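Here's the letter readout for the chains.
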Amino acid sequence: MDDDILKDIERQVLWTACWMIHNANNLRPKDEGDVKVGGHQASSASMVSLLTSLYFDILRPEDRVAVKPHAAPVFHAIQYLAGNQTRAKLENFRGYGGAQSYPSRTKDTDDVDFSTGSVGLGVAVTSFASIVQDYVRARGWGGGGKAGRMVALVGDAELDEGNIYECLQEGWKHDLRNTWWIIDYNRQSLDGVVHEGLWQRIEAIFRAFDWDVRIIRHGALQEAAFAEPGGGGLRRWIEACPNQLYSALTFQGGAAWRKRLMNDLGDQGAMTALLDRRSDDELAALMANLGGHCTETLGRAFRSVGHDRPTLFLAYTIKGWGTPLAGHKDNHSGLMNPRQFDTFQTVMGVAAGTEWSPGCAMRDPARTLAALPGAGFFSHGTRRHLAAPVAPPAAVRLGDRVVSTQVAFGKILDEIGRIGGAAADRIVTTAPDVTVSTGLSAWANRRGLFARSERGDTFRDERIPSTQKWGFAPAGQHIELGIAEMNLFLLLGAAGLSHSLFGERLFPIGTVYDPFVARGLDALNYACYMDARFMIVGTPSGVTLAPEGGAHQSIGSPLIGISQDGLASFEPAFADELAAIMRWSFDYLQRDGERSPAPDGWLRDEAGGSVYLRLSTRPVEQIGWRDDEAFVQDVIQGGYWLRPPGPNAEVVLAYQGAVAPQVIEAAGRIGQDRREIGVLAVTSADRLNAGWTASGGRGGSHVERLLGRLPRHCRIVTVTDGHPLTLGWLGSVHGHPATSLGVEHFGQTGTIADLHAHFGIDAAAIIRAVNRTTPGRQVA
């Protein structure tokens, strides 16, 4: 696109972004206590040239972009200019139902590819999206068009986030391609100015991982000045100037620049003449003309990349560029006051009453607006795909008399792989260096490991016996990761958006030791916030993983499952329960109904979501194989009566997960005297609780129906290998007295019997709780 047109678009985008923020803070009514927008004004301004160049000149419809969180107003302004955003949404920026503070796939209505907000995650997810794109294309899916570039706009302070460097290493292992990261190097963070020489460290780190690094330091005005007599001295001064001083002089303006340059360099003839040829305003414009604010320079740098290697652009910018706040170290929380904004509006040439007009700040609106329709990136309108539904795999039945849920999971998945079919071919599994110890090895052996190119299994080639047959190939369906849980959830998030990003449905399944779900929790929450669809299997779990000790024994993960939006959490005890849940999950992952639930639909079954399975390595004796429709429905709804209570029951035992054997044992012993005892098998405290919350106490939820048969005096004793709050709320459903047994403190090494006794969740402890809290003869 012609650079004069780009400069006109740049002016308009800067104006609209700043006007949105001014309107949100000063013109729109607010409730008492509402926080002003602050940092958006300065952080947005530094990104205007970069985003203008990308969206209107460089990007193609197949590219996918993660926009720096605080650049949301610039993103929304660009989408408004392109016809993908409404004035009403912009007028309500940061308001209820308006354009969001940070770009959101699920809350915004313009064309957001990746949500951003928790800094660092939106950057790293682009790398994993590129790996997923390679995975899809390796199968011949996706129409065979040109591969898109996965682009992240990165704040320089975001590079403090450790997940970025975990991602760099993983990308190097997987021969990362088609990924651009563009750093907004404004050298300011929320609280101050970044350390000197940071760019050199950034360059060295990225080059170490085989990235192509491009430094975009000077704009066209500066390069022209450097070519004048005395320009070499000016270049050397600019490149040696400390960050804090450059920022301060930018804020002070042209006279301050002139004074400092003359003081530092003295009268140098040609240099002095170079400065004298420019007014103070022209000198200020020259010194502010860094590479990240010059669409001509940016376009040249972006177009110079003729390969698919991962590429880092480090673009020098000024925070608050183009506004009276430019360069001030406090500008992250700063806002133009009304007088400053009036001056800004005059400088931008925007007439009163035309502030929302798409061309109000343009110098040649007729020519510029005429050039917008069909501009590269926007030539196909919004770019989200729809994928055809995939039928769930056939029902799987296991014949084991004694089996743990972790082993059952591996067997079910392997059997799906053996039978084959469309669903099996769409499964992609992954694990952070725990494939073997979380039940995925049989699947990986059968379906192979993914890589962009063939890599043999040396042990097999050398005829060394091994249970692992790990050859890598483009057809493989398991992506092996290093031991970094953030990477696991970012890959699951990217793969779980494949249907929307690339038009091809995948069923991503990841496994991780259950306590380390918490280690990747930010990325898990981020993936769910984007409405990515995946299955995460936390296994082994609880103190039942006895010999491993407290560091590997999860306590609070069931509460994560209950509280995490967009994630249906299950903890089955028996293999038939697990089989029913897994088969249902393949359908649930694909649902795409109304995201806002009806008052009685908090389960969000129409909208679908992701699934979390908390499993165990404890072998459990099976109760036959149940797969009738009523049983399956109860399992999916969250629970069923393993032993129905009598009409005069004094006590029922409710459990979830691997504690089933001791609950069944305790019920048998208690039932010798209290024959009407019931045993409630909870498969999902999450879904029981969600249904109850949705019903508002009106009696329509599954848990209300289950517990509605109990007399009011009946005590509910809950047992779980996790925090007792997981089931402790059951007594509140109908006002029954309740006693909750579970784990609240770190475990240690020992046997299962040792630890279950220590934490009071073995059969003896259950009986003691019943004896202590219910009337009648003591149970031995």
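Throughout what follows, the structure given in this document is the object of discussion.

How each quantity is defined
- Residues numbered from 1 in each chain as written.
- Predicted model: local features only at pLDDT ≥ 70, side-chain atom pairs only at ≥ 80, totals over all residues.
- Heavy atoms only, no water.
- Helix = DSSP H or I, 4+ residues; strand = E, 2+ residues; numbered from the N terminus.
- Rg over C-alpha atoms; globule rule 2.2 N^0.38 Å.
- Buried < 20%, exposed > 50% of the residue type's maximum accessible area, 1.4 Å probe, protein only.
- Contact = heavy atoms within 4.5 Å.
- Areas by Shrake-Rupley, 256 points an atom, 1.4 Å probe, with all protein chains shown as cover.
- Lys, Arg positive; Asp, Glu negative; His and termini not counted.
- Charge placed at Lys NZ, Arg CZ, Asp CG, Glu CD.
- Axes fitted to C-alpha atoms, helices over the stretch in contact; angles between N-to-C directions.
- Parallel < 35°, antiparallel > 145°, perpendicular 65-115°, else oblique.
- Nonpolar A, V, L, I, M, F, W, Y, C, P; charged D, E, K, R; others polar.
- Salt bridge = Lys/Arg side-chain N within 4 Å of Asp/Glu carboxyl O.
- Pairing = 2+ DSSP bridges.
- Arc of directions from axis to C-beta.
- Phe/Tyr/Trp six-rings, centres within 6.5 Å; stacked < 30°, edge-to-face > 60°.
- Lys NZ or Arg CZ within 6 Å of the ring centre and 35° of its normal.

## Observations regarding the overall build of the chain
Here's step 1: Secondary structure summary: the chain contains 32 helices and 20 strands in total.
Here's step 2: For a compact globule of 780 residues, the expected C-alpha radius of gyration is about 28 Å, and the chain comes in at 30 Å, within 12% of that figure.
Here's step 3: Along the first, second and third principal axes, the C-alpha atoms of the chain reach 105 × 70 × 45 Å.
Here's step 4: Looking at the 780 residues of the chain, the share that counts as buried comes to 61%.
Here's step 5: A sequence separation of at least 24 residues applies to 77% of the contacts in the chain between residues at least 6 apart.
Here's step 6: Surface accessibility of the chain: about 29,800 Å² in total, with carbon and sulfur atoms responsible for 51%.
Here's step 7: Across the chain, the 76 positively charged side chains and the 86 negatively charged ones have centroids separated by 1 Å.

## Notes on the packing of helix 5 (residues 121–138) against helix 23 (residues 521–529)
Here's step 1: Where helix 5 meets helix 23, the closest approach of the two axes is 11 Å, and the angle between their N-to-C directions is 75°. In terms of axis orientation, helix 5 runs roughly perpendicular to helix 23. Contacts from Leu121, Gly122 and Val125 of helix 5 reach helix 23 at Asp522, Ala523 and Tyr526.
Here's step 2: Residue classes in the contact of helix 5 with helix 23 are distributed as 4 nonpolar, 1 polar and 1 charged.

## Focus: the pattern of salt bridges
Here's step 1: Per the stated rule, a full pass over the model turns up 41 salt bridges.
Here's step 2: Of the charged contacts, one joins Asp111 and Arg383 as a salt bridge, the two residues approaching to 2.8 Å between their closest N and O atoms. Of the two residues, Asp111 is situated in the loop between helix 4 (87–91) and helix 5 and Arg383 in the loop between helix 16 (365–371) and strand 6 (402–403); the sequence distance between them amounts to 272 residues.
Here's step 3: Between Glu504 and Arg426 there is a salt bridge, with the nearest N and O atoms lying 2.8 Å from each other.

## Focus on the environment of Thr617
Here's step 1: Among the secondary structure elements, Thr617 is positioned in the loop between strand 14 (610–614) and strand 15 (620–621).
Here's step 2: Setting aside anything within four residues of it in sequence, one finds Thr617 in contact with Ser404, Gln406, Pro540 and Leu545.

## A closer look at the sheet that holds strand 18 (residues 678–682)
Pairing between the strands of a sheet is mediated by backbone hydrogen bonds and can be parallel or antiparallel.
Here's step 1: Within the open sheet, the 5 strands sit side by side as 16-18-17-19-20. Their pairing is mixed. Edge positions in the sheet fall to strand 16 (639–643) and strand 20 (738–741), since each has one partner strand and no second. Taken over all neighbouring pairs, the strand axes of this sheet differ in orientation by 20° on average, direction set aside.
Here's step 2: Inspection of the sheet shows strand 17 (residues 651–656) paired to strand 18 by 5 bridges, in the parallel sense. Counted as the bridge partner of Tyr655 is Ala681 from strand 18.

## What about helix 7 (residues 198–208)?
Here's step 1: Turning to helix 7, its buried residues number three or more, namely Ile202, Glu203 and Phe206. End-on view of helix 7: buried residues confined to an arc of 100°, all on one side of the axis. Looking at helix 7, the residues exposed on the side facing more than 90 degrees away from the buried face are Arg201 and Ala208.
Here's step 2: On its buried face, helix 7 sits against helix 6 (162–173), strand 3 (179–185), strand 4 (212–216) and strand 5 (311–316).
Here's step 3: Looking one or two residues past helix 7, Asp210 carries a phi angle of roughly 70°, positive in sign.

## Observations regarding the side chain of Gln477
Here's step 1: Along the chain, Gln477 turns up in the loop between strand 9 (472–473) and strand 10 (478–481).
Here's step 2: Judged by its relative accessible area of 5%, Gln477 is buried.
Here's step 3: Excluding anything up to four places from it in sequence, Gln477 contacts Tyr135, Arg139, Ala424, Asp425, Arg426, Ile427, Val428, Thr429, Trp443, Arg447, Gly448 and Phe450.

## Some points on the sheet that holds strand 2 (residues 150–155)
Here's step 1: An order of 1-2-3-5-4 is seen for the 5 strands of this open sheet, with the pairing classed as parallel. This sheet does not close on itself; its edge strands, each paired only once, are strand 1 (64–66) and strand 4. For this sheet the average axis-to-axis angle between neighbouring strands, irrespective of direction, equals 15°.
Here's step 2: The strands touched by helix 14 (residues 295–303) are strand 3, strand 4 and strand 5; relative to strand 4, the strand with the most contacts, the crossing angle is about 170°.

## Topic: unusual backbone geometry
Here's step 1: Look at the link from Thr539 to Pro540: it is a cis peptide, with omega at -5°.
Here's step 2: Assignment of secondary structure puts Pro540 in the loop between strand 12 (535–538) and helix 24 (557–563).
Here's step 3: Even without being glycine, Asn178 reaches a positive phi, approximately 50°.
Here's step 4: Residue position: Asn178 is located in the loop between helix 6 and strand 3.
Here's step 5: Its identity is not glycine, yet Asp210 carries a phi of approximately 70°, on the positive side.
Here's step 6: Of note, Asp210 is situated in the loop between helix 7 and strand 4.

## Some words on the packing of aromatic side chains
Here's step 1: Per the counting criterion, the structure on display carries 27 aromatic pairs.
Here's step 2: Between Trp19 and Trp356 the ring centres are 6.0 Å apart and the planes differ by 70°, which places this aromatic pair in the edge-to-face class. Taken together, the residues span a long stretch of sequence, with Trp19 in helix 1 (residues 3–27) and Trp356 in the loop between helix 15 (338–348) and helix 16 at a distance of 337 residues.
Here's step 3: Classification of Trp19 as buried rests on a relative accessible area of 8%.
Here's step 4: Aromatic side chains Trp181 and Trp211 sit 4.8 Å apart centroid to centroid with 50° between the ring planes, which places their arrangement in the tilted category. Placement of Trp181 in strand 3 and of Trp211 in the loop between helix 7 and strand 4 is noted, with a sequence separation of 30 residues between them. Taken as a pair, Trp181 and Trp211 share a single burial class, namely buried.
Here's step 5: A connected cluster of aromatic rings, assembled from ring pairs, spans Trp15, Trp19, Phe341, Phe344 and Trp356.
Here's step 6: It is Arg426 that lies over the ring of Trp141; its NZ or CZ is 3.7 Å from the centre.

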